[in-house]
Each structure stands twice: as C-alpha cells, then as structure tokens.
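Descriptive structure summary
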Amino acid sequence: EAAMELPPSHYPASRAAALATGYACYRRGSPGRGLALRAVRRARRQDIDDAGRKYHLELVLEDVLDKDSTVNCTAEVLYHLDNKKIAPDVQFTIEGELKNTDEADNIFYNRIKTLEKELVAENIPDSHGNVSPEMEPIHLLAWVASGYVIWQNSKENTKFQLAQIKRVKQVKRSDEYLEFDYLILLHEMVSQEIIPWQMRVLWHPQHGVQVTQDSRQPKQASE
Amino acid sequence: PFLLFQFSKGGTNRPAVWIDTGIHSREWVTQASGVWFAKKIILDHENDKGLASILDKMDIFLEIVTNPDGFVFTQTQNRMWRKTRSRHSGSACVGVDPNRNWDANFGGPGASRNPCSETYHGPYANSEPEVKAIVDFVKNHGNIKAFVSIHSYSQLLLYPYGYTRTPVPDQKELHQISEKAVAALSSLYGTNYKYGSIITTIYQASGGTIDWTYNQGIKYSFTFELRDTGRYGFLLPAKQIVPTAQETWLALKVIMLHARDHLY
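Because the structure is a prediction, the values reported are computed rather than measured. (Residues numbered from 1 in each chain as written. Chains lettered and ligands numbered in written order. Predicted model: local features only at pLDDT ≥ 70, side-chain atom pairs only at ≥ 80, totals over all residues. Heavy atoms only, no water.)

Let us now look at the UniProt feature "active site" (unreviewed entry) in chain B. Residue and element names in this part refer to chain B. The sites that UniProt annotates as "active site" (unreviewed entry) are Glu225. Mapped onto the secondary structure, glutamate 225 falls in strand E7 (residues 220–226). Residue contacts for glutamate 225: discarding those within four places in its chain leaves His151, Ser152, Tyr153, Ser154, Gln155, Leu156, Leu158 and Tyr193. At a separation of 3.4 Å, a polar atom in the side chain of glutamate 225 contacts the main-chain amide nitrogen of tyrosine 153. (UniProt positions renumbered as here; feature names shortened; annotations may be inferred. Helix = DSSP H or I, 4+ residues; strand = E, 2+ residues; numbered from the N terminus. Contact = heavy atoms within 4.5 Å. Polar contact = N/O pair within 3.5 Å; in protein donor to acceptor, adjacent residues only side chain to side chain.)

Let us look at the sheet that holds strand E4 (residues 144–152) of chain B. Residues and elements named next belong to chain B. Taking strand neighbours across the sheet as the criterion, the seven strands line up as E1-E3-E2-E4-E7-E5-E6 in an open arrangement whose pairing is mixed. In the strand order of this sheet, the two ends are held by strand E1 (5–7) and strand E6 (194–197), each with one partner. Pairs of neighbouring strands in the sheet enclose a mean axial angle of 20°, with direction left out of account. Relative to E7, strand E5 (residues 156–159) runs antiparallel, the two being bridged by three bridges. When the sheet's bridge partners are listed, leucine 158 is paired in E7 with threonine 223. (Pairing = 2+ DSSP bridges. Axes fitted to C-alpha atoms, helices over the stretch in contact; angles between N-to-C directions.)

For a regular strand, the rule is simple: side chains alternate between the two faces of the sheet. Residue and element names in this part refer to chain A. When strand E6 (residues 120–124) meets strand E7 (residues 160–171), the two strands line up antiparallel, connected through four bridges. Looking at E7, one finds that glutamate 122 is bridged to arginine 167. Examined bridge by bridge, E7 and strand E8 (residues 178–188) share 10 bridges and lie antiparallel to one another. Among the inter-strand pairings, glutamine 170 is bridged to a residue of E8, identified as phenylalanine 180. What sits between the antiparallel neighbours E7 and E8 is a turn of six residues.

A pair of packed helices can be characterised by two numbers: the angle between their axes and the separation between those axes. All names here are of chain A. Contact pair helix H1 (residues 11–28) / helix H3 (residues 136–153): the axes reach a minimum separation of 7 Å and the direction vectors enclose 130°. Looking at the two axes, H1 sits oblique to H3. Crossing handedness for the pair H1 and H3: left-handed. Facing H1, whose interface residues are Leu19, Gly22, Tyr23, Cys25, Tyr26 and Arg27, H3 presents Trp143, Val144, Ala145, Gly147, Tyr148, Ile150 and Trp151. A breakdown of the residues in the contact of H1 with H3 according to their chemical character gives 10 nonpolar, two polar and one charged. (Parallel < 35°, antiparallel > 145°, perpendicular 65-115°, else oblique. Left-handed = near helix turned anticlockwise from the far one by under 90°. Nonpolar A, V, L, I, M, F, W, Y, C, P; charged D, E, K, R; others polar.)

In structure tokens form, the structure reads like this:
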C-alpha cells in the first residue's frame, strides 16, 4: 500500500516521533548526552498487510544539554498488529556527528566509582524542577534508559515521557560497570496517567546504556 | 464561592475576556503565569498601548487557582495530582477531571467513566463546584467574547472541538488567529508551538472546557499548553516561569486584540 502524507502537527505523527526519539536516545545516549525531539519535519504512514502500520519520519533532534546542537534524523516505526504483543520496530539514521561526551562521561564515571557509599537520591527533579549539578548525569541516564521502557511499551494510542525519578539507588558491582536501580514516573499523555516503573540500568563509558530488567509498579496508595 | 480577578476601566457589563490557569493542579507553570499576568495588567495598563486599547473596550477576568483543592494536594501529598479532590459515593477513588466535566458531549469518547482514572468525567456534567462556578458566571455575565483556558505541557495553542472531528464553523478564523498568536509568542525566545483543533492535534476529549464555551457562542475559545515539550514536563524549572509568562502574554494580546477588533 502506498504511503499517505500526514500533517506533522497532528498527533499520529507526534506520537510516532516521540517513540522514535526515545529509541534513538536509548541507543545513542549517555549520562553526558540526551536527545530530545525538536521538530517533526515530515511524516508518512503506510498500512502493511498482515504486519501493522509503518510511519516514515523526518525529525530534528536536539541535545538536551545544548539546545543549539541539533541533528536531522530519519526514522521508520512499525507498530505491529494489536494481537502481537511485541514492541514496535524502530530503525533510525542520524545525519552528522553527535557531540563527543567522553570527557564528561569519564568524569562522572570516576566520581561514582570513587564514592565511599553507594549513591542514593530521591525526587529528581524536585517539585520546582530543580536538578543539582551532581545529579544532572543521573537524571540524564534515567532519561536515556526510559527510552527503552518507552519503546517497549508504546502503541499508536500512547505517548510516554519521563516525568520524574522518584528514587535511585546505586547497586554495588565488583566489575567495571556502574549499575543503578531506578523507580521512575512515566507520564502517558493520552490517558494522562502517571505510571511508576522500576528499571535496572547498566552503564559503562565504552559500552553504552542497557536496561537489564524493568517492571511496571502499582499506583501509589497516596491518592 | 471562588476567587476571580476583574480588570476594568469602567462601564457596565462590558464585553469581556476570560483567562483561567491551574484547572489541572499539577501544571504549576500555569498558576505562576497567572500571577505574572495579573501583575502585568496592573503595571502596564496605561503605558502599553495594546493593553490600554483592550481595556478601553473590554474587561479582563482572570481566575488563577481554578482547582484550589488539587493545588493544595500537589503541595502537600502528591505533586502529580491532576483532578479535583471530590469524593463521590460508590468509589474509593478521589477526584474528577475538571476538563472532562463540562456539558459538551459529556461522557463521550475521550473521557473515562472509571473514578480512579485521571480523565474521569464525574457522575454528571458540572458535578464539580469548580466547574459549575465558572458555568454560572459565564451564563450570568452573558457578554464574554473570548475564553482562554491555560494548561501545560506540550507547547500547543488549541481551539475546539475536542469531542468531534467536525470542524467548528469559525475554524478558518481561529486557525489564522492561532498562527498569529504563535508567531508573536515565538518572537520573544524562539519557543516553538504547534496549533490546531484539539481532536487533530492531541487527542479526542469529551466534556472539555472550550468545547462548552464555544457552543455557548464564545467564538474566540482557546486552550494553551505551555512549556515544555517533555524534558521537565510538569516539573518545569522555576527559572522558566517568567520567560514562559512573558511569551504567552504576547500570544494572549493577539487573541484579545482580535476580539476587541471583531466584537460580535
């Protein structure tokens, strides 16, 4: 079936774009680099018999730490048929170079490696949107890792964003990796629900970010 | 009773603009922006020619904490609370989505009948005193010409409808106003907004505020979704409050000036 042009400002394009961005951020991000969606330049949609619905997207992504730094990104998102309970397929290409974050990543890595006690923190950002400079890489790491959870759980009628880190605990490791256990809140735009989610995140400067385990949590009792 | 600011240079029951912020309690940049708008009107009503000319012909009504119970709850118990804090019999869950409680296709698609849901429409239209107070005010006043309900986040300027894909009769005019308003907003700090009808731009929603106000005959009915686009979301850093309010005010002036020049 031929691809149909979609208005970039309408929600089918923006939902697919949010998913593609989350996935790209997961694959390319680090505590020193997060990617966010700046704009949808073009979107097309195609129904694929017996497979699902595919979106062709032309996006502009920005570096969350340096808003002036943007890259073009083309992406394809395939939402599988509803009865197949599998995550959407996402492929993307980023045009040009992303900023090198080796120095910032290594500084963060060494800081955490030399902590006397395992890192523990809560409510990042706090109610007023504050994130201390020491917690900025922890925040960004959650932003990157949440891209995985968002990718795995997105459908055509959902749009997820990381709302807040409720708590983060560093997990002691004997090898060179850093590991953190996060409890995050995801905001799902269509239902407007706030969904607690737990995730285990592994990171090493040379090995990227990996979510090794994750689980949806029940809504808090304080309602 | 509810707390409402009226900015007026006199006259009797002049045509008016209504602005509300904080109807969803977790959207803290909106209540804060409302405070800034109030101060702006008081400081600038003589020296800003556009504002002075608006107030020569029209009153401005501003409700800043439109959902007070929810607001308190976000400060004391749960920063992410959205709804009112009403308890209706038959459910252990608290609160109604005040932006699904209006009498515009009430209970239709895009609102939930589950009391535990964030988009619960409530037991019946205007069940929430926060909503009924505004409905009564608008009906009693009878001369409101522009109605703007302010939310966050997503950086959108929206016009009706949310409950149906049928475009409003004034769609072309509202779209043109939106284009101008968004350009004015962007001109200050380069903040990018998208605009369009609710149902095409974000989602289908029934029982929404500006669908009701439009159907009451208030042609210039708009909803804003302020900063940002998700990086901080509801937890927008406090240092972004003033820039957000400043740029939004430019868009509001476009809408108010258009209403003043096209009174009906």
